[in-house]
Amino acid sequence: MTESFYADVLGATQITPNLRRVHLGGGTIADWESTGKADEFVHVHIPGDNPAEGWEDDHDIARHYTIRSYDAVAGTIDLDVVTHGHGLGSSWAKNCQPGDRVAISDASGFYGPPGGSTKRLLLADATGLPAVARILEEASADEEFDVIVELLDLADKIELPSKATVRAVWRVSGNGRSPSALETCMSRSEAPGEDVYVWIACESAESRRARKYLRNNWGRHHTWYRIVGYWYANLDEIMATYNSLTDEQRAAYEAIWDDERSDEANWEELEPFLAAHGL
Ligand SMILES: Cc1cc2nc3c(=O)[nH]c(=O)nc-3n(C[C@H](O)[C@H](O)[C@H](O)COP(=O)(O)OP(=O)(O)OC[C@H]3O[C@@H](n4cnc5c(N)ncnc54)[C@H](O)[C@@H]3O)c2cc1C
């Protein structure tokens, strides 16, 4: 992701007790292009004391959010932000005002079921719900989805309109307040058939537990799943450990990720490295 686009906050709407929709438009947003991937996301440079000047991959000033919807003709984008308590992004969603200027990056996405497949399993916490909602909204009538979403509160449940067949289960767990139940849900379910594409988005440690469970118990080729860590429950700890790596260890870490292969193929190699270094 390299480009910056500018947008103004047009307003914000409370969708559920812990989910706030921020409406963006104006600026250079009409030049922003969708990737067409239903879980596409951008890096949002959130204005502090000064207006945003351009996105940077820097946790001091920017956060990732899913493009919940966009209207190319009107030049508008909606982001659904979990207002989990404290944090730059969470506070911004609660307090942003019409006219506030943000910068967003170009988009990137992960969701990519193999062509010809129609069955899906989606697991997410509240941060993955905007992507789940958009995936379902854009799905076709011949698709079939099993969906498990864990929330802070059942009042955060939303409608999930879709042309597809959708079986949704809602749970109150995880989301930084109690242990996540996603891995337990996986272990209590029958292994999905080989023709089921699995997509999971949740807290990072939970995403790695889910990946491990899937690889060890559901064994499938990495083209049939995509698991993404959306946030860290222990970011400070992880950053401290990462910053304590030697230059050689950092170089070894960076050398593992190869853009020529799929992300999940990279994760197969990355996981043992991270575990060995306490990451
Ligand atoms: C590809 C991608 C797409 C994403 N899409 C969305 C989206 O559409 N909507 C959305 O709300 N989030 C989304 N996220 C997650 C979001 O970027 C993180 O939750 C981010 O950390 C929020 O920033 P913050 O400033 O509110 O909190 P931070 O400043 O990052 O963290 C402050 C504290 O809050 C905790 N925290 C952070 N997020 C949460 C949470 N969700 N629940 C409980 N505790 C939390 C941290 O552990 C930390 O202790 C996405 C992330 C990725 C990688």
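Scroll up to find the structure this text is about.
My aim in this report is to walk through the structure given alongside it, one point at a time. (Residues numbered from 1 in each chain as written. Predicted model: local features only at pLDDT ≥ 70, side-chain atom pairs only at ≥ 80, totals over all residues. Heavy atoms only, no water.)

This part is about the pattern of salt bridges. For the coordinates displayed, the defined rule picks out 17 salt bridges. The partner of Glu144 in a salt bridge is Arg167, and the shortest N-O contact between them spans 3.0 Å. Placement of Glu144 in strand E9 (residues 144-151) and of Arg167 in strand E10 (residues 165-172) is noted, with a sequence separation of 23 residues between them. For Glu144, a relative accessible area of 30% puts it in the partly exposed group. Here Arg167 falls in the partly exposed class, since its relative accessible area comes to 38%. Put simply, Arg226 and Glu264 hold a salt bridge, and the shortest N to O gap is 3.1 Å. Taken as a pair, Arg226 in strand E12 (residues 225-231) and Glu264 in helix H7 (residues 263-276) lie far apart in primary sequence, 38 residues in all. For Glu264, a relative accessible area of 1% corresponds to the buried category. The network of salt bridges with common partners includes Arg208, Arg211, Arg226, Asp263, Glu264 and Glu271. (Salt bridge = Lys/Arg side-chain N within 4 Å of Asp/Glu carboxyl O. Helix = DSSP H or I, 4+ residues; strand = E, 2+ residues; numbered from the N terminus. Buried < 20%, exposed > 50% of the residue type's maximum accessible area, 1.4 Å probe, protein only.)

In this section: the site of the ligand. Taken together, 24 residues surround the ligand, and among them Arg63, Val82, His84, Gly89 and Tyr232 come closest. At 2.7 Å, a side-chain N or O of His84 approaches an oxygen atom of the ligand. Interatomic distance of 2.9 Å between a backbone N/O atom of Ser90 and an oxygen atom of the ligand. Computed on the free molecule, the ligand has an accessible area of 910 Å², of which 88% lies beneath the protein chains in the complex. If you tally residues by element for the shell around the ligand, the top one is strand E4 (residues 62-66), at four residues. Along the lines of polarity and charge, the residues of the shell around the ligand split into 11 nonpolar, 11 polar and two charged. (Near = heavy atom within 4 Å. Polar contact = N/O pair within 3.5 Å; in protein donor to acceptor, adjacent residues only side chain to side chain. Areas by Shrake-Rupley, 256 points an atom, 1.4 Å probe, with all protein chains shown as cover. Nonpolar A, V, L, I, M, F, W, Y, C, P; charged D, E, K, R; others polar.)

Any link to function would need more than the numbers given here.
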